[in-house]
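So you can see what is in the structure, the chains are spelled out below.
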Amino acid sequence: MAQKPKRTFRQRRADSSDSDGGRESPTEPGAPREQAAPGPAEKRPPAEAARRPFRGRSRVWASSRRAARAAPCAGSDPGDQGDSESDSENALLESRTVDLSADEEDGTHHSSESEDDQSSSSDNSSSPEEKEFSSAVRIPDAAFIQAARRKRELARAQDDYISLDVKQTSTISGIKKSSDEDLESEPEDHEERILFTPKPRTLRERMAEETITRNEETSEESQEGENQDIWEQQQMRKAVKILEIISIQEIESSMHALRLKQAMTFVKRRQDELKHESTYLQQLSRKAETSTNESLAIDEKTQRILEEMESRRARRRQARVLSGDCNHEEGTSSDDELPLAEMTDFQKSQGDILQDRKKIFEDVHDDFCNTQNILLKFQQWREKFPDSYYEAFISLCIPKLLNPLIRIQLIDWNPLKQDSIGLKQMPWFTSIEEFVDSSVEDSEKEDSSDKKILAAVINKTVIPQLTDFVEFIWDPLSTSQTTSLITHCRMILEEHSTCENEGLLKSIVSRIKKAIEDDVFIPLYPKSAVENKTSPHSKFQERQFWSGLKLFRNILLWSGLLRDEALKELGLGKLLNRYLLIALLNATPGPDVVKKCNEVASCFPEKWFENPSMRTSIPQLENFIQFLVHSALKLSKSELRDEVKEIILILVKIKALNQAESFIEEYHLDHLRSLIKEV
């Protein structure tokens with residue numbers, strides 16, 4: 001029997017990861033394979049083995065190869081050795097194919113050490129069958145694995161997957177993106193620490209995150225609120241037709257501006273006429289002094305103003321003659337005429353404003369814009385539930401509630417016109433009066449706050465209107481405006497005294513003072529210029545005196561409303577003693593002077609002289625009394641004895657009794673003693 005050829009076994013070199021002493025010993029042919037000495041993996045400490053769990057894959061491949069080769073030597077037939085080796089190679093191929101496919105699908109589970117083991121195993125395999133297997137299956141290298149990792153990171157960045165932890169994934173993804181420049185330095189997936197709890201954040205990071213969150217929430221809420229407002233406005237435009245409803249304040253301002261413009265027109269015209277007429281008379285005086293026969297040159301503007309002024313005076317004189325008024329004095333009329341075109345424009349503008357007033361409440365139900373209907377609701381509440389009514393302080397709410405309704409009714413109210421309606425005749429006034437009168441007045445509610453409603457309404461609505469008229473529109477030189485204004489103010493100031501009265505009274509005093517300073521001018525001319533009563537100088541002086549006397553009378557009409565001290569200071573101190581009395585001193589004593597003195601004395605309020613024990617008049621009249629005595633002395637030496645009697649009567653009227661007795665005794669006017677005894 002032929003001897004079987006000796007089979008030699010190639011000594012296997014240990015893995016590069018094993019120690020140098022861990023080599024396999026050669027075995028004899030046909031002898032049973034002894035158990036190999038424990039390798040470095042068996043001698044490695046458990047902790048290290050736990051850290052390197054994937055090194056067994058290459059070792060499995062080597063052990064399976066050795067087992068396949070060792071099987072024929074254990075007792076198999078030599079003829080079957082080829083089949084056994086073929087089967088082992090097929091099994092090994094399948095095992096490596098499965099392992100490689102798994103590695104390609106999840107490259108993150110391979111560490112650097114696994115790659116070293118694979119490369120070491122591949123380098124140490126030098127058998128022909130190993131080379132054949134390597135050519136059949138290509139082991140992915142590090143570049144292929146890194147490319148696969150980049151592909152997964154790109155998929156994460158594009159949100160092609162559903163993450164269980166969005167914040168943590170985005171954080172990790174952001175960290176990995178920032179380190180793409182140096183991918184070779186990244187640790188393998190099995191060495192990365194798995195964060196089971198979020199990393200503690202610094203205070204700055206938490207504040208930044210909270211601020212961003214709040215800003216996002218605020219932005220979302222504001223955007224939602226803005227969208228909601230836009231939607232509501234769109235729906236309102238679809239549902240109703242929004243009209244351009246003008247505010248009450250705009251209408252009040254328009255009417256006030258219209259009246260102010262008219263008032264300023266009258267005042268400016270009067271002052272311009274006074275200035276140009278005075279300048280013209282001064283030129284006449286200089287011409288008379290030089291005794292030249294040259295005609296006086298007058299500019300066109302002055303000539304036009306003087307002609308217009310004289311034309312209006314002529315029309316007023318003609319109207320007085322037709323009415324039978326023959327006692328009128330030039331200078332006491334109210335020059336409030338406007339050209340026809342200006343009057344038409346004024347009436348048209350006023351009508352437009354009143355038409356706009358109707359539009360304010362045209363779409364409001366009467367229950368909410370009618371004073372009487374509103375007060376009726378409160379009256380029913382007060383009658384049915386008086387406790388809750390008074391506990392709600394309704395008396396404080398009603399004036400504020402009725403304020404716009406009353407202001408609308410007062411837009412066309414002009415207290416400076418004599419034909420203007422009185423407050424007591426207005427619908428809102430009567431409605432409030434009835435509401436107050438019907439209030440419950442039992443023993444517990446005698447001091448009911450409802451009694452103060454009317455005063456509060458007047459305080460908030462009427463008095464501000466009157467104050468505006470006094471400060472900007474009222475002309476104190478107009479007797480008609482003054483008497484009408486006093487009528488309305490007397491009703492308010494005497495019957496409904498409020499805290500706002502002082503402000504109104506101060507406005508009246510201030511306006512009177514301004515009128516004295518701006519509108520009173522009584523020129524003084526030589527006697528030669530005024531002796532002729534038909535001369536331009538005499539006429540101008542007379543007109544200005546009577547105009548000042550008219551203002552004096554209008555001021556003293558406020559007696560009972562303004563304080564006596566204010567009236568005496570304004571009327572007597574600033575006007576009588578400074579202007580009127582000086583004009584009287586420069587006049588020639590006679591019937592004309594006595595008439596003027598009688599007119600001055602008729603303006604004094606009677607209550608100033610009601611004290612029966614009073615023998616000396618008030619101090620502010622001392623200069624006037626001396627002028628009367630001096631005039632009586634001059635008249636007693638002439639044939640005008642009746643005028644002396646008139647002066648004594650004036651002294652008795654103003655309670656200058658001591659001065660009158662002294663004059664009678666000194667000049668032996670015994671027939672006039674009876675005038676003093678009758679007092």
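The structure presented is a predicted model; accordingly, all values stated were derived computationally and were not measured. Just so you know, the residues in each chain are numbered from 1, in the order the chain's sequence is written. Side-chain atom pairs in this predicted model are given and counted only at pLDDT of 80 or more, local residue features only at pLDDT of at least 70, and totals for whole chains, interfaces and linings cover all residues. Side-chain numbers here rest on the full set of heavy atoms in the structure, without hydrogens or water.

**Examining the overall build of the chain**
(1) Moving on: The secondary structure listing takes helices from DSSP runs of H or I that are at least 4 residues long and strands from runs of E that are at least 2 residues long, numbered from the N terminus. Tallying secondary structure elements over the chain gives 28 helices and 0 strands in all.
(2) Moving on: Going through the 679 residues of the chain one by one, you find that 35% of them count as buried.
(3) Moving on: Only the protein chains shown count as cover for residues, and all accessible areas are computed by the Shrake-Rupley method using a 1.4 Å probe. When the accessible surface of the chain is split by element, carbon and sulfur atoms take 51% of a total near 42,400 Å². Only protein chains enter the area calculation, which uses a 1.4 Å probe; residues under 20% of their type maximum are buried, those over 50% are exposed, and those in between are partly exposed.

**Remarks on unusual backbone geometry**
(1) Moving on: Here the phi dihedral of F393 falls at roughly 55°; this positive angle occurs in a residue that is not glycine.
(2) Moving on: Among the structural elements, F393 can be located in the loop between α15 (386-391) and α16 (394-409).

**Quick look at the pattern of salt bridges**
(1) Moving on: A side-chain nitrogen of Lys or Arg and a carboxyl oxygen of Asp or Glu constitute a salt bridge if their distance falls within 4 Å. Per the counting criterion, the structure on display carries 31 salt bridges.
(2) Moving on: Here R313 and E277 are joined by a salt bridge, their closest N and O atoms 3.6 Å apart. Of the two residues, R313 is situated in helix α11 (residues 300-323) and E277 in helix α10 (residues 248-290); the sequence distance between them amounts to 36 residues. Just as R313 is buried, E277 falls in that class too.
(3) Moving on: Between R313 and E310 there is a salt bridge; the shortest N-O distance is 3.8 Å. Placement of the pair is R313 and E310 together in helix α11, with a separation of 3 residues, close to one helical turn.
(4) Moving on: Assessed through its relative accessible area of 11%, R313 is described here as buried.
(5) Moving on: Here E310 falls in the partly exposed class, since its relative accessible area comes to 37%.
(6) Moving on: One network of salt bridges, in which partners are shared, links R269, E273, R312, R315, R316, D335 and E337.

**A word on the environment of K645**
(1) Moving on: By the element assignment, K645 lies in helix α26 (residues 641-653).
(2) Moving on: The exposure class of K645 is partly exposed, given its relative accessible area of 40%.
(3) Moving on: Residues K645 and L669, spaced 24 residues apart in sequence, show a C-alpha to C-alpha distance of 9.7 Å.
(4) Moving on: Working rule for contacts: check all heavy atoms of both residues, and any pair within 4.5 Å makes them a contact. Not counting the four nearest positions on each side in its chain, K645 is found in contact with L672 and L675.

**Quick look at the nonpolar core**
(1) Moving on: As used in this record, nonpolar core signifies buried Ala, Val, Leu, Ile, Met, Phe, Trp, Tyr and Cys residues forming a set joined through side-chain atoms within 4.5 Å. Counting residues in each nonpolar core, the largest one holds 102 residues, and the members touching the most others are W428, I432, F552, W558, F604 and F624.
(2) Moving on: With 10 residues, helix α18 (residues 453-473) is the single largest residue contributor to this core.
(3) Moving on: Non-local contacts of I432, meaning those with residues more than four positions away in its chain, are made with L375, L402, I406, I453, L454 and V457.
(4) Moving on: Residues I251, F346, I408 and I411 belong to the second largest nonpolar core, which totals 9 residues.

**Quick word on the packing of aromatic side chains**
(1) Moving on: To pair, rings of Phe, Tyr and Trp, with the six-membered ring standing in for Trp, must have centres within 6.5 Å; the planes then decide the type, stacked if under 30 degrees apart, edge-to-face if over 60, and tilted in the middle. All told, the structure shown has 11 aromatic pairs when counted by the stated rule.
(2) Moving on: Pairing F663 with Y667 gives two aromatic rings, centres 4.9 Å apart and planes at 50°, and the pair type is tilted.
(3) Moving on: The partly exposed category is assigned to Y667, whose relative accessible area is 29%.
(4) Moving on: Chaining the aromatic ring pairs together yields one cluster made of F378, W381, Y389 and Y390.
(5) Moving on: Look at NZ for Lys and CZ for Arg. If either is within 6 Å of the ring centre and within 35 degrees of the ring normal, a charge sits over the ring. Positioned above the aromatic ring of W608 is the side chain of K568, whose terminal nitrogen or guanidinium carbon lies 5.3 Å from the ring centre.

**Here's the deal with α18**
(1) Moving on: Working rule for helices: expected span equals 1.5 Å times residues minus one. With 21 residues, α18 should reach 30 Å at 1.5 Å per residue; the first-to-last C-alpha distance of 29 Å fits that figure.
(2) Moving on: Along α18, 15 of the 21 residues are buried, which leaves the element largely enclosed by surrounding structure.

**Section: the environment of F552**
(1) Moving on: Note on placement: F552 falls in helix α22 (residues 536-556).
(2) Moving on: Residue classification places F552 among the buried residues on the basis of a relative accessible area of 0%.
(3) Moving on: Taking the C-alpha atoms as reference points, F552 and L580, 28 residues apart in sequence, are found 9.1 Å from one another.
(4) Moving on: Here F552 is in contact with G571, L572, L575, L576, L580, V600, C603 and F604, once residues within four sequence places are set aside.

**Here's the deal with the side chain of S420**
(1) Moving on: In this structure, S420 sits in the loop between α16 and α17 (427-437).
(2) Moving on: In this structure S420 comes out as buried when scored by relative accessible area, which is 18%.
(3) Moving on: Setting aside residues up to four positions removed in sequence, S420 forms contacts with W413, N414, P415, S484 and H488.

**Side note on the confidence of the model for the chain**
For any part of a model where pLDDT is low, the fine detail of the predicted coordinates should not be relied upon.
(1) Moving on: Confidence scores per residue from the predictor, reported as pLDDT, run from 0 to 100. Residues of the chain with pLDDT of at least 70 account for 66%, and the chain-wide mean is 75.
(2) Moving on: Low confidence marks residues 129-135, where pLDDT is under 50. Its contacts with residues over four positions away, or in another chain, come to 10 contacts.
(3) Moving on: Counting contacts from residues 165-187, a segment whose pLDDT is below 50, to residues more than four positions away or on other chains yields 16 contacts.

**Quick notes on the side chain of T467**
(1) Moving on: Examined against the element boundaries, T467 turns out to sit in helix α18.
(2) Moving on: Judged by its relative accessible area of 15%, T467 falls in the buried class.
(3) Moving on: Apart from the residues lying within four places of it in its own chain, the contact partners of T467 are L504 and S507.

**Considering the packing of α17 against α18**
(1) Moving on: Only the stretch in contact is used when a helix axis is fitted, and all axes are lines through C-alpha atoms; the angle between N-to-C directions ranges over 0 to 180 degrees. Two elements in contact, α17 and α18, have axes separated by 9 Å at closest approach and are oriented at 155°. Here α18 runs roughly antiparallel to α17, going by the angle between their axes. Contacts between α17 and α18 pair W428, F429, I432, E433, F435 and V436 from the former with I453, L454, V457, I458 and V462 from the latter.
(2) Moving on: A per-class count over the contact of α17 with α18 returns 10 nonpolar, no polar and 1 charged. For classification purposes, angles smaller than 35 degrees are called roughly parallel, those larger than 145 roughly antiparallel, those between 65 and 115 roughly perpendicular, and all remaining angles oblique. Under the scheme applied, nonpolar residues are Ala, Val, Leu, Ile, Met, Phe, Trp, Tyr, Cys and Pro; charged residues are Asp, Glu, Lys and Arg; polar residues are all the others, including Gly.

**Topic: helix α23 (residues 564-585)**
(1) Moving on: For α23, with 22 residues, the first-to-last C-alpha span of 26 Å runs short of the 32 Å given by 1.5 Å per residue.
(2) Moving on: The term bend refers to the angle at a residue between two fitted axes, each drawn through seven residues, those ending there and those starting there. For α23, the principal kink sits at L576 and spans about 55°.

**Some points on the environment of L576**
(1) Moving on: Residue position: L576 is located in helix α23.
(2) Moving on: Along the primary structure L576 and F552 are separated by 24 residues, whereas in three dimensions their C-alpha atoms are 7.4 Å apart.
(3) Moving on: For L576, the residues in contact, after removing those within four places along its chain, are F552, G571, L581, V600, F604, L621 and F624.

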